[in-house]
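Next come the chains, spelled out residue by residue.
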Amino acid sequence: MKCALVGSRFFAASVFEALRKEEGIEFTSIVAPAEDDRLAIAGRAAGIPVHVLANPKIVPGEAIAEGTELIIAAHTHARVSDDALARSRLGGIGYHPSLLPRHRGIAAVEWTILEGDPIAGGSVYHLADGWDAGAIAAQDWCFVKKGETARELWERALAPMGLALLSKVVHHARLQGKLPADTQDPAFATRAPMLRKAVVLTEEVSSANTSLVVSIVGTDRQGIVSSLADKAQRFGANWAASRMTRLAGEFAGMVHFEVPRENADNLATSLRGLQSSGLQVVVAKSDGANTPAALRVFELELVGEDRLGIVSNLTKMLAERGISIESIHTDIVRSGVSGKQTFKVEAHLLVPAKLSVEALQKELGTLASEMMLDIALGERQAVV
(Lines give C-alpha, C1' and ligand atoms only; values in the text may rest on other atoms or scores of the structure.)
Protein backbone atom coordinates (compact mmCIF):
# COMPACT_ATOMS: atom_id res chain seq x y z
CA MET A 1 0.00 0.00 0.00
CA LYS A 2 1.63 3.21 -1.23
CA CYS A 3 0.56 6.18 0.88
CA ALA A 4 1.03 9.93 0.93
CA LEU A 5 0.82 11.66 4.32
CA VAL A 6 -0.47 15.23 4.64
CA GLY A 7 -0.19 16.73 8.10
CA SER A 8 1.77 18.60 10.71
CA ARG A 9 3.30 18.55 14.15
CA PHE A 10 3.47 15.75 16.68
CA PHE A 11 0.35 13.84 15.70
CA ALA A 12 1.26 13.57 11.99
CA ALA A 13 4.83 12.60 12.86
CA SER A 14 3.49 9.90 15.20
CA VAL A 15 1.25 8.52 12.44
CA PHE A 16 4.20 8.49 10.05
CA GLU A 17 6.54 6.69 12.46
CA ALA A 18 3.91 4.10 13.39
CA LEU A 19 2.70 3.26 9.88
CA ARG A 20 6.07 3.17 8.12
CA LYS A 21 7.13 0.31 10.42
CA GLU A 22 4.15 -1.78 9.34
CA GLU A 23 4.65 -4.51 6.78
CA GLY A 24 3.22 -3.71 3.35
CA ILE A 25 2.95 0.07 3.88
CA GLU A 26 5.19 2.47 1.94
CA PHE A 27 5.17 6.27 1.87
CA THR A 28 5.54 7.93 -1.52
CA SER A 29 5.48 11.52 -0.30
CA ILE A 30 5.15 13.74 2.75
CA VAL A 31 3.26 17.04 2.62
CA ALA A 32 3.87 19.58 5.41
CA PRO A 33 3.16 23.29 6.00
CA ALA A 34 6.76 24.32 6.77
CA GLU A 35 10.37 23.18 6.35
CA ASP A 36 10.86 22.95 10.11
CA ASP A 37 7.59 21.17 10.85
CA ARG A 38 8.02 17.98 12.86
CA LEU A 39 6.52 15.86 10.06
CA ALA A 40 8.80 17.39 7.42
CA ILE A 41 11.86 16.72 9.57
CA ALA A 42 10.79 13.10 10.18
CA GLY A 43 10.12 12.55 6.47
CA ARG A 44 13.50 13.88 5.35
CA ALA A 45 15.25 11.80 8.03
CA ALA A 46 13.59 8.70 6.58
CA GLY A 47 14.56 9.62 3.00
CA ILE A 48 10.98 10.35 1.88
CA PRO A 49 10.34 13.22 -0.59
CA VAL A 50 8.85 16.20 1.29
CA HIS A 51 6.61 18.81 -0.33
CA VAL A 52 6.30 22.07 1.64
CA LEU A 53 3.06 23.87 0.87
CA ALA A 54 3.35 27.27 -0.83
CA ASN A 55 -0.27 27.92 0.15
CA PRO A 56 -1.02 26.56 3.65
CA LYS A 57 -4.73 26.29 2.83
CA ILE A 58 -4.60 23.80 -0.06
CA VAL A 59 -2.70 20.70 -1.16
CA PRO A 60 -2.07 20.86 -4.95
CA GLY A 61 -1.97 17.88 -7.26
CA GLU A 62 1.81 18.04 -7.72
CA ALA A 63 2.32 17.44 -4.00
CA ILE A 64 1.15 13.83 -4.39
CA ALA A 65 3.54 11.39 -6.07
CA GLU A 66 2.40 9.28 -9.01
CA GLY A 67 1.45 5.73 -8.03
CA THR A 68 -0.03 6.78 -4.66
CA GLU A 69 -2.87 4.49 -3.56
CA LEU A 70 -4.10 6.36 -0.48
CA ILE A 71 -3.73 9.88 0.91
CA ILE A 72 -3.76 10.14 4.73
CA ALA A 73 -4.51 13.50 6.37
CA ALA A 74 -3.36 13.83 9.98
CA HIS A 75 -3.62 17.20 11.75
CA THR A 76 -3.77 19.40 8.68
CA HIS A 77 -5.70 22.61 8.09
CA ALA A 78 -5.06 22.46 4.34
CA ARG A 79 -7.78 21.15 2.01
CA VAL A 80 -6.65 18.27 -0.21
CA SER A 81 -7.58 19.45 -3.69
CA ASP A 82 -9.52 17.40 -6.23
CA ASP A 83 -6.37 17.24 -8.38
CA ALA A 84 -4.47 15.72 -5.46
CA LEU A 85 -7.23 13.20 -4.69
CA ALA A 86 -7.33 12.20 -8.37
CA ARG A 87 -3.70 11.07 -8.12
CA SER A 88 -4.62 8.53 -5.45
CA ARG A 89 -6.33 5.25 -6.43
CA LEU A 90 -8.48 5.15 -3.28
CA GLY A 91 -8.71 8.90 -2.72
CA GLY A 92 -7.99 10.11 0.79
CA ILE A 93 -8.93 9.73 4.44
CA GLY A 94 -8.53 12.07 7.41
CA TYR A 95 -8.85 11.88 11.17
CA HIS A 96 -11.24 14.21 12.95
CA PRO A 97 -11.38 14.26 16.79
CA SER A 98 -15.17 14.07 17.13
CA LEU A 99 -18.04 11.71 16.50
CA LEU A 100 -18.88 13.09 13.06
CA PRO A 101 -21.17 14.64 11.97
CA ARG A 102 -21.02 16.32 15.39
CA HIS A 103 -18.50 19.18 15.73
CA ARG A 104 -17.45 19.59 12.12
CA GLY A 105 -14.74 22.21 12.03
CA ILE A 106 -11.31 23.28 13.19
CA ALA A 107 -11.97 23.33 16.96
CA ALA A 108 -13.79 20.04 17.55
CA VAL A 109 -12.11 19.17 20.85
CA GLU A 110 -12.64 22.67 22.26
CA TRP A 111 -16.33 22.55 21.35
CA THR A 112 -16.67 19.10 22.91
CA ILE A 113 -15.58 20.67 26.21
CA LEU A 114 -17.50 23.92 25.69
CA GLU A 115 -20.80 22.10 25.11
CA GLY A 116 -20.26 19.80 28.07
CA ASP A 117 -20.38 16.59 26.03
CA PRO A 118 -20.08 13.58 28.37
CA ILE A 119 -18.81 11.43 25.49
CA ALA A 120 -16.19 12.31 22.89
CA GLY A 121 -14.83 10.35 19.98
CA GLY A 122 -12.84 10.21 16.79
CA SER A 123 -13.69 9.56 13.15
CA VAL A 124 -11.72 8.53 10.10
CA TYR A 125 -13.62 9.91 7.13
CA HIS A 126 -13.29 10.16 3.35
CA LEU A 127 -11.80 13.42 2.09
CA ALA A 128 -14.55 14.94 -0.04
CA ASP A 129 -16.39 18.18 -0.77
CA GLY A 130 -17.20 20.11 2.39
CA TRP A 131 -15.24 20.25 5.62
CA ASP A 132 -15.35 16.91 7.48
CA ALA A 133 -18.45 15.82 5.54
CA GLY A 134 -17.21 12.70 3.77
CA ALA A 135 -18.38 9.15 4.47
CA ILE A 136 -17.19 7.53 7.70
CA ALA A 137 -14.59 4.77 7.44
CA ALA A 138 -14.20 4.10 11.18
CA GLN A 139 -15.18 5.58 14.54
CA ASP A 140 -14.52 5.08 18.25
CA TRP A 141 -15.59 6.86 21.44
CA CYS A 142 -14.48 7.65 24.99
CA PHE A 143 -15.85 9.29 28.13
CA VAL A 144 -14.90 12.88 28.96
CA LYS A 145 -13.54 13.26 32.47
CA LYS A 146 -15.13 15.88 34.71
CA GLY A 147 -13.10 19.08 34.59
CA GLU A 148 -10.92 17.85 31.73
CA THR A 149 -9.51 20.47 29.36
CA ALA A 150 -9.44 20.16 25.58
CA ARG A 151 -5.69 19.59 25.61
CA GLU A 152 -5.96 16.91 28.29
CA LEU A 153 -8.74 15.11 26.42
CA TRP A 154 -6.73 15.19 23.19
CA GLU A 155 -3.53 13.89 24.77
CA ARG A 156 -5.21 11.27 26.99
CA ALA A 157 -7.66 9.74 24.54
CA LEU A 158 -8.30 11.37 21.17
CA ALA A 159 -4.75 11.43 19.77
CA PRO A 160 -4.07 7.74 20.60
CA MET A 161 -7.55 6.92 19.26
CA GLY A 162 -6.74 8.67 15.98
CA LEU A 163 -3.51 6.75 15.57
CA ALA A 164 -5.32 3.44 16.14
CA LEU A 165 -8.22 4.28 13.82
CA LEU A 166 -6.00 5.42 10.96
CA SER A 167 -3.89 2.29 11.29
CA LYS A 168 -7.04 0.16 11.24
CA VAL A 169 -8.41 1.77 8.08
CA VAL A 170 -5.07 1.70 6.23
CA HIS A 171 -4.69 -2.01 6.97
CA HIS A 172 -8.25 -2.64 5.79
CA ALA A 173 -7.50 -0.80 2.55
CA ARG A 174 -4.29 -2.77 2.04
CA LEU A 175 -5.97 -6.14 2.55
CA GLN A 176 -9.36 -5.46 0.91
CA GLY A 177 -8.37 -2.97 -1.76
CA LYS A 178 -11.16 -0.59 -0.73
CA LEU A 179 -12.29 1.70 2.10
CA PRO A 180 -15.33 1.27 4.39
CA ALA A 181 -17.89 4.03 3.81
CA ASP A 182 -20.96 4.96 5.87
CA THR A 183 -22.69 8.19 4.86
CA GLN A 184 -22.94 10.88 7.54
CA ASP A 185 -26.42 11.97 8.59
CA PRO A 186 -26.51 15.77 8.14
CA ALA A 187 -29.47 16.02 10.52
CA PHE A 188 -27.04 15.60 13.41
CA ALA A 189 -24.32 17.89 12.10
CA THR A 190 -23.01 20.70 14.31
CA ARG A 191 -20.24 23.19 13.65
CA ALA A 192 -17.03 23.76 15.58
CA PRO A 193 -15.54 27.03 14.31
CA MET A 194 -12.22 28.34 15.55
CA LEU A 195 -12.23 29.82 19.06
CA ARG A 196 -10.02 32.77 19.81
CA LYS A 197 -8.13 32.88 23.07
CA ALA A 198 -10.12 34.49 25.86
CA VAL A 199 -9.56 38.21 25.91
CA VAL A 200 -9.27 40.59 28.84
CA LEU A 201 -10.07 44.25 28.92
CA THR A 202 -6.44 45.11 28.20
CA GLU A 203 -6.73 43.76 24.66
CA GLU A 204 -7.29 46.26 21.91
CA VAL A 205 -10.22 45.64 19.60
CA SER A 206 -9.75 46.40 15.91
CA SER A 207 -11.35 49.65 14.85
CA ALA A 208 -13.00 47.72 12.03
CA ASN A 209 -14.85 45.52 14.54
CA THR A 210 -17.64 46.04 17.02
CA SER A 211 -17.91 44.08 20.27
CA LEU A 212 -21.21 42.42 21.10
CA VAL A 213 -21.63 41.02 24.61
CA VAL A 214 -24.56 38.60 24.63
CA SER A 215 -26.30 37.22 27.73
CA ILE A 216 -28.51 34.13 27.34
CA VAL A 217 -30.72 32.47 29.95
CA GLY A 218 -33.28 29.72 29.43
CA THR A 219 -34.22 26.09 29.96
CA ASP A 220 -31.17 23.99 29.17
CA ARG A 221 -31.38 21.91 26.01
CA GLN A 222 -29.15 20.61 23.26
CA GLY A 223 -28.13 23.00 20.50
CA ILE A 224 -28.07 26.40 22.24
CA VAL A 225 -24.32 26.90 21.82
CA SER A 226 -24.42 25.52 18.29
CA SER A 227 -27.12 28.05 17.35
CA LEU A 228 -24.94 30.89 18.65
CA ALA A 229 -21.95 29.62 16.67
CA ASP A 230 -23.95 29.32 13.46
CA LYS A 231 -25.21 32.89 13.72
CA ALA A 232 -21.73 34.21 14.50
CA GLN A 233 -20.23 32.44 11.51
CA ARG A 234 -23.00 33.68 9.21
CA PHE A 235 -22.10 37.30 9.96
CA GLY A 236 -18.32 36.85 10.04
CA ALA A 237 -17.99 37.23 13.81
CA ASN A 238 -15.14 35.90 15.95
CA TRP A 239 -16.03 34.06 19.16
CA ALA A 240 -13.68 36.03 21.43
CA ALA A 241 -14.59 34.81 24.93
CA SER A 242 -17.41 33.08 26.78
CA ARG A 243 -18.69 31.91 30.16
CA MET A 244 -21.40 29.23 30.13
CA THR A 245 -22.90 26.97 32.76
CA ARG A 246 -25.99 25.00 33.81
CA LEU A 247 -27.66 26.26 36.99
CA ALA A 248 -30.69 24.48 38.49
CA GLY A 249 -31.67 23.09 35.10
CA GLU A 250 -31.27 26.47 33.39
CA PHE A 251 -28.68 27.39 30.78
CA ALA A 252 -26.87 30.66 31.56
CA GLY A 253 -24.16 32.11 29.38
CA MET A 254 -22.31 35.21 28.26
CA VAL A 255 -20.44 35.47 24.96
CA HIS A 256 -18.20 38.22 23.60
CA PHE A 257 -18.32 38.42 19.79
CA GLU A 258 -16.09 40.61 17.64
CA VAL A 259 -18.00 41.31 14.44
CA PRO A 260 -17.30 43.54 11.42
CA ARG A 261 -18.88 46.89 12.16
CA GLU A 262 -21.22 46.71 9.15
CA ASN A 263 -22.63 43.34 10.34
CA ALA A 264 -23.08 44.18 14.03
CA ASP A 265 -26.72 45.28 13.90
CA ASN A 266 -27.76 42.32 11.76
CA LEU A 267 -26.02 39.85 14.08
CA ALA A 268 -27.65 41.47 17.12
CA THR A 269 -31.08 41.18 15.47
CA SER A 270 -30.43 37.54 14.59
CA LEU A 271 -29.33 36.74 18.15
CA ARG A 272 -32.42 38.40 19.62
CA GLY A 273 -34.45 36.12 17.35
CA LEU A 274 -33.53 33.26 19.70
CA GLN A 275 -36.11 34.69 22.12
CA SER A 276 -38.80 33.05 20.01
CA SER A 277 -37.45 29.68 21.20
CA GLY A 278 -37.97 30.59 24.87
CA LEU A 279 -34.56 32.05 25.65
CA GLN A 280 -33.98 35.41 27.30
CA VAL A 281 -31.40 37.28 25.22
CA VAL A 282 -29.74 40.61 25.97
CA VAL A 283 -27.24 42.12 23.52
CA ALA A 284 -24.91 44.98 24.49
CA LYS A 285 -22.82 46.72 21.83
CA SER A 286 -19.62 48.73 22.22
CA ASP A 287 -16.48 49.60 20.31
CA GLY A 288 -14.30 48.01 22.97
CA ALA A 289 -12.46 49.38 25.94
CA ASN A 290 -8.95 49.16 27.27
CA THR A 291 -7.83 48.77 30.83
CA PRO A 292 -6.22 52.02 31.97
CA ALA A 293 -2.48 51.82 32.46
CA ALA A 294 -3.07 52.51 36.16
CA LEU A 295 -4.71 49.08 36.59
CA ARG A 296 -3.12 45.63 36.73
CA VAL A 297 -4.78 42.28 36.18
CA PHE A 298 -4.69 39.66 38.96
CA GLU A 299 -6.10 36.15 39.30
CA LEU A 300 -7.63 35.21 42.65
CA GLU A 301 -8.47 31.68 43.83
CA LEU A 302 -10.32 31.00 47.08
CA VAL A 303 -11.25 27.64 48.62
CA GLY A 304 -12.84 26.83 51.96
CA GLU A 305 -15.70 25.24 53.83
CA ASP A 306 -18.96 26.77 52.67
CA ARG A 307 -20.45 29.38 55.01
CA LEU A 308 -22.51 32.55 54.83
CA GLY A 309 -20.76 35.80 53.96
CA ILE A 310 -17.76 34.63 51.94
CA VAL A 311 -18.64 36.50 48.72
CA SER A 312 -20.09 39.45 50.64
CA ASN A 313 -16.98 39.96 52.77
CA LEU A 314 -14.61 39.41 49.84
CA THR A 315 -16.33 41.80 47.44
CA LYS A 316 -16.76 44.46 50.15
CA MET A 317 -13.05 44.37 50.93
CA LEU A 318 -12.12 44.61 47.23
CA ALA A 319 -14.53 47.49 46.59
CA GLU A 320 -13.19 49.49 49.55
CA ARG A 321 -9.74 49.38 47.96
CA GLY A 322 -10.89 50.40 44.48
CA ILE A 323 -10.47 46.92 43.02
CA SER A 324 -12.82 45.99 40.17
CA ILE A 325 -13.94 42.42 39.49
CA GLU A 326 -13.50 41.67 35.79
CA SER A 327 -15.02 38.20 36.08
CA ILE A 328 -15.93 35.83 38.89
CA HIS A 329 -16.93 32.16 38.99
CA THR A 330 -18.19 30.38 42.11
CA ASP A 331 -18.98 26.74 42.78
CA ILE A 332 -20.02 24.50 45.67
CA VAL A 333 -18.63 20.95 45.86
CA ARG A 334 -19.91 18.40 48.38
CA SER A 335 -17.37 15.93 49.78
CA GLY A 336 -18.46 12.33 49.40
CA VAL A 337 -16.64 11.34 52.58
CA SER A 338 -17.40 14.07 55.12
CA GLY A 339 -20.53 15.43 53.49
CA LYS A 340 -19.23 18.98 54.00
CA GLN A 341 -19.64 21.56 51.26
CA THR A 342 -16.54 23.25 49.86
CA PHE A 343 -16.96 26.73 48.37
CA LYS A 344 -14.66 27.78 45.51
CA VAL A 345 -14.14 31.18 43.92
CA GLU A 346 -12.09 32.06 40.85
CA ALA A 347 -11.91 35.74 39.90
CA HIS A 348 -10.00 38.11 37.64
CA LEU A 349 -9.36 41.44 39.35
CA LEU A 350 -8.38 44.89 38.06
CA VAL A 351 -6.14 46.33 40.78
CA PRO A 352 -4.98 49.98 41.00
CA ALA A 353 -1.25 50.20 40.38
CA LYS A 354 -0.82 52.37 43.48
CA LEU A 355 -1.97 49.46 45.69
CA SER A 356 1.06 47.31 46.46
CA VAL A 357 0.87 43.57 45.95
CA GLU A 358 2.23 42.99 49.45
CA ALA A 359 -0.53 45.09 51.02
CA LEU A 360 -3.23 43.29 49.03
CA GLN A 361 -1.83 39.87 49.92
CA LYS A 362 -1.70 40.84 53.60
CA GLU A 363 -5.32 41.98 53.66
CA LEU A 364 -6.49 38.91 51.79
CA GLY A 365 -4.50 36.78 54.21
CA THR A 366 -6.29 38.41 57.13
CA LEU A 367 -9.66 37.70 55.53
CA ALA A 368 -8.60 34.11 54.87
CA SER A 369 -7.61 33.59 58.49
CA GLU A 370 -10.85 35.06 59.81
CA MET A 371 -13.01 32.85 57.58
CA MET A 372 -10.67 29.81 57.53
CA LEU A 373 -10.12 29.97 53.78
CA ASP A 374 -7.22 29.23 51.44
CA ILE A 375 -6.49 32.16 49.10
CA ALA A 376 -4.02 32.39 46.21
CA LEU A 377 -3.25 35.62 44.33
CA GLY A 378 -1.11 36.06 41.22
CA GLU A 379 -0.57 38.78 38.64
CA ARG A 380 -1.56 37.94 35.07
CA GLN A 381 0.23 39.32 32.05
CA ALA A 382 -1.91 41.62 29.92
CA VAL A 383 -2.77 40.45 26.42
CA VAL A 384 -1.27 42.70 23.76
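For the structure itself, consult the block above.
A short tour of the structure in this document, coming up. Quick caveat, the model's predicted, so the values are computed rather than measured. (Residues numbered from 1 in each chain as written. Predicted model: local features only at pLDDT ≥ 70, side-chain atom pairs only at ≥ 80, totals over all residues. Heavy atoms only, no water.)

Attention shifts here to the overall build of the protein. Along the backbone of the protein there are 9 helices and 17 strands. Counting contacts in the protein only where the partners sit at least 6 residues apart, residues at least 24 apart contribute 68% of the total. Put simply, the protein shows about 20,000 Å² of open surface, and 52% of that area lies on carbon and sulfur atoms. (Helix = DSSP H or I, 4+ residues; strand = E, 2+ residues; numbered from the N terminus. Contact = heavy atoms within 4.5 Å. Areas by Shrake-Rupley, 256 points an atom, 1.4 Å probe, with all protein chains shown as cover.)

This brings us to the environment of I323. Within the secondary structure, I323 is located in the loop between α8 (310–320) and β15 (324–334). Residue classification places I323 among the buried positions, given a relative accessible area of 6%. Sequence separation between I323 and V351 is 28 residues, and the spatial gap between their C-alpha atoms is 4.9 Å. (Buried < 20%, exposed > 50% of the residue type's maximum accessible area, 1.4 Å probe, protein only.)

Turning next to the pattern of salt bridges. Once the charged atoms of two side chains with opposite charge are near each other, the side chains can pair. This structure, assessed with the given rule, holds 11 salt bridges. Residues E35 and R44 are paired through a salt bridge, measuring 3.0 Å at the closest nitrogen-oxygen approach. Overall, R44 belongs to the partly exposed group, its relative accessible area being 40%. The salt bridge involving E69 is made with R89; its shortest N-O contact spans 3.1 Å. Of this pair, E69 sits in the loop between β4 (58–59) and β5 (70–74) while R89 sits in the loop between α3 (82–86) and β7 (92–96), placing them 20 residues apart in sequence. A single salt-bridge network, built from bridges that share partners, covers R102, E115 and D117. (Salt bridge = Lys/Arg side-chain N within 4 Å of Asp/Glu carboxyl O.)

This next bit is on the sheet that holds β5. With mixed pairing, the 7 strands of this open sheet are ordered in space as β3-β2-β1-β5-β7-β8-β9. Pairing within the sheet leaves two strands with one partner each, and these edge strands are β3 (50–52) and β9 (136–143). Direction aside, the axes of adjacent strands within the sheet are offset by 15° on average. Looking at chain direction, β7 and strand β8 (residues 119–126) are connected through 4 bridges and run antiparallel. Following the sheet pairing, H96 is matched in β8 by S123. The sheet contacts of helix α5 (residues 150–176) involve β1 (2–7), β5, β7, β8 and β9, and relative to β9 the element is tilted by about 155°. (Pairing = 2+ DSSP bridges. Axes fitted to C-alpha atoms, helices over the stretch in contact; angles between N-to-C directions.)

To continue, consider the packing of α8 against helix α9 (residues 357–371). Two quantities define a packed helix pair, namely the angle between the axes and the distance from one axis to the other. In the contact formed by α8 and α9, the axes pass within 11 Å of each other and the chain directions differ by 160°. If you check the angle between α8 and α9, you find them roughly antiparallel. As for the relative orientation of α8 and α9, their crossing is right-handed in sense. Counting all contacts with α8, which are made through I310, N313, L314 and M317, the residues of α9 involved are E363, L364, L367 and M371. Residue composition of the contact of α8 with α9, grouped by class: 6 nonpolar, 1 polar and 1 charged. (Parallel < 35°, antiparallel > 145°, perpendicular 65-115°, else oblique. Left-handed = near helix turned anticlockwise from the far one by under 90°. Nonpolar A, V, L, I, M, F, W, Y, C, P; charged D, E, K, R; others polar.)

A separate point is the packing of aromatic side chains. Per the stated rule, a full pass over the model turns up 4 aromatic pairs. Relative to W154, the ring of F11 has its centre 5.3 Å away and its plane inclined at 65°; by these criteria the two rings are edge-to-face. With F11 in helix α1 (residues 9–19) and W154 in helix α5, this residue pair connects regions lying 143 residues apart in the sequence. Residue F11 is classed as buried on the basis of its relative accessible area of 5%. One aromatic cluster is present, formed by F11, Y95 and W154 through successive ring pairs. (Phe/Tyr/Trp six-rings, centres within 6.5 Å; stacked < 30°, edge-to-face > 60°.)

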